[in-house]
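Structure at a glance
Take a look at the letters that make up each chain.
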Amino acid sequence: GAGVSQSPRYKVAKRGQDVALRCDPISGHVSLFWYQQALGQGPEFLTYFQNEAQLDKSGLPSDRFFAERPEGSVSTLKIQRTQQEDSAVYLCASSADGNTEAFFGQGTRLTVV
Amino acid sequence: AQSVTQPDIHITVSEGASLELRCNYSYGATPYLFWYVQSPGQGLQLLLKYFSGDTLVQGIKGFEAEFKRSQSSFNLRKPSVHWSDAAEYFCALGQDSNYQLIWGAGTKLIIKP
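Structural notes, computed from the coordinates. (Residues numbered from 1 in each chain as written. Chains lettered and ligands numbered in written order. Predicted model: local features only at pLDDT ≥ 70, side-chain atom pairs only at ≥ 80, totals over all residues. Heavy atoms only, no water.)

**Topic: the interface of chain A and chain B**
Contacts between the two partners involve 23 residues from chain A, matched on the other side by 18 residues from chain B. Buried surface at the junction of chain A and chain B, both sides included, amounts to about 1500 Å², of which 50% is carbon and sulfur. On the chain A side of the interface with chain B, the three residues burying the most area are A:P43, A:E101 and A:F104, jointly 29% of the side's total. Counting across the chain A and chain B interface gives zero salt bridges. Run the count over chain A and chain B and you get two residue pairs in polar contact (both at pLDDT 80 or more). (Contact = heavy atoms within 4.5 Å. Buried area = accessible area lost by both parts, 1.4 Å probe. Salt bridge = Lys/Arg side-chain N within 4 Å of Asp/Glu carboxyl O. Polar contact = N/O pair within 3.5 Å; in protein donor to acceptor, adjacent residues only side chain to side chain.)

**Comments concerning the state of the cysteines**
What the rule picks out here adds up to two disulfides over all chains. In this model, A:C23 is linked to A:C92 through a disulfide, with the two sulfur atoms separated by 1.9 Å. Here A:C23 and A:C92 share a disulfide; its torsion about the S-S bond, -65°, makes the bridge left-handed. One end of the pair, A:C23, is in strand β3 (residues 19-24); the other, A:C92, is in strand β9 (residues 88-95), and 69 residues separate them in sequence. Residue B:C23 pairs covalently with B:C91 via a disulfide, S to S 2.0 Å. An S-S torsion of about -65° defines the bridge between B:C23 and B:C91 as left-handed. Taken together, the positions of B:C23 in the loop between β3 (19-21) and β4 (24-26) and B:C91 in strand β10 (residues 87-94) put the pair 68 residues apart, joining distant regions of the chain. (Disulfide = S-S within 2.5 Å. Helix = DSSP H or I, 4+ residues; strand = E, 2+ residues; numbered from the N terminus.)

**Structural notes on the side chain of A:T108**
All names here are of chain A. Along the polypeptide, T108 turns up in strand β11 (residues 108-112). Polar side-chain contacts of T108 include one of 2.5 Å to the backbone oxygen of P8. Beyond its immediate chain neighbours, meaning those up to four positions away, T108 contacts Q6, S7, P8, R9, L21, A88, V89 and Y90.

Quick look at the structure:
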């Protein structure tokens with residue numbers, strides 16, 4: 001596609017519900033990043049993939065958060081048993097390799113009620 | 001500890017006036033520095049980046065930034081703002097390229113007609 005696509009754009013989840021957020025990176029991009037952006041804050045790094053390999057997941061806030069990129073293209077961020085503090089915009093970015101410009105999707109706004 | 005500080009939460013500027021957005025960082029070595037813009041409903045877009053070399057960096061949309069090691073600053077400037085520049089601006093720091101960027105909290109730019 002022309003850019004990084006994220007779906008859904010908005011998600012409302014009841015506390016305790018599991019959610020899955022999807023990221024379609026730019027075709028051919030090797031590197032993929034997930035960030036969490038709380039209201040009024042800058043993004044915070046969650047995890048990084050190079051192709052299908054998850055090279056760093058140090059930013060995932062708890063073991064309820066899980067990300068995968070099984071075929072080295074589309075990635076899914078899954079949050080189990082959502083909590084109110086998980087409410088944020090989840091941003092995905094991709095780059096041709098780790099050293100070139102990262103392009104961001106519009107994000108998924110998750111609201112946990 | 002590595003950090004990025006954007007001291008101004010909001011800045012209001014008249015259309016046609018000059019602009020300077022402040023960014024200070026804390027990092028033990030020469031950092032990779034970025035400025036991104038986030039318009040409502042849009043993904044983050046890279047304005048410019050500094051990796052090494054010339055400390056005055058030119059970016060898109062008429063923006064420039066100057067890396068000042070002695071002041072640990074990377075301020076963003078534009079000589080004459082347009083109403084379309086109204087957005088939120090984020091400064092970010094990386095230890096290498098895009099990976100694990102550390103972001104400031106952002107500065108919201110408001111343009112007065």
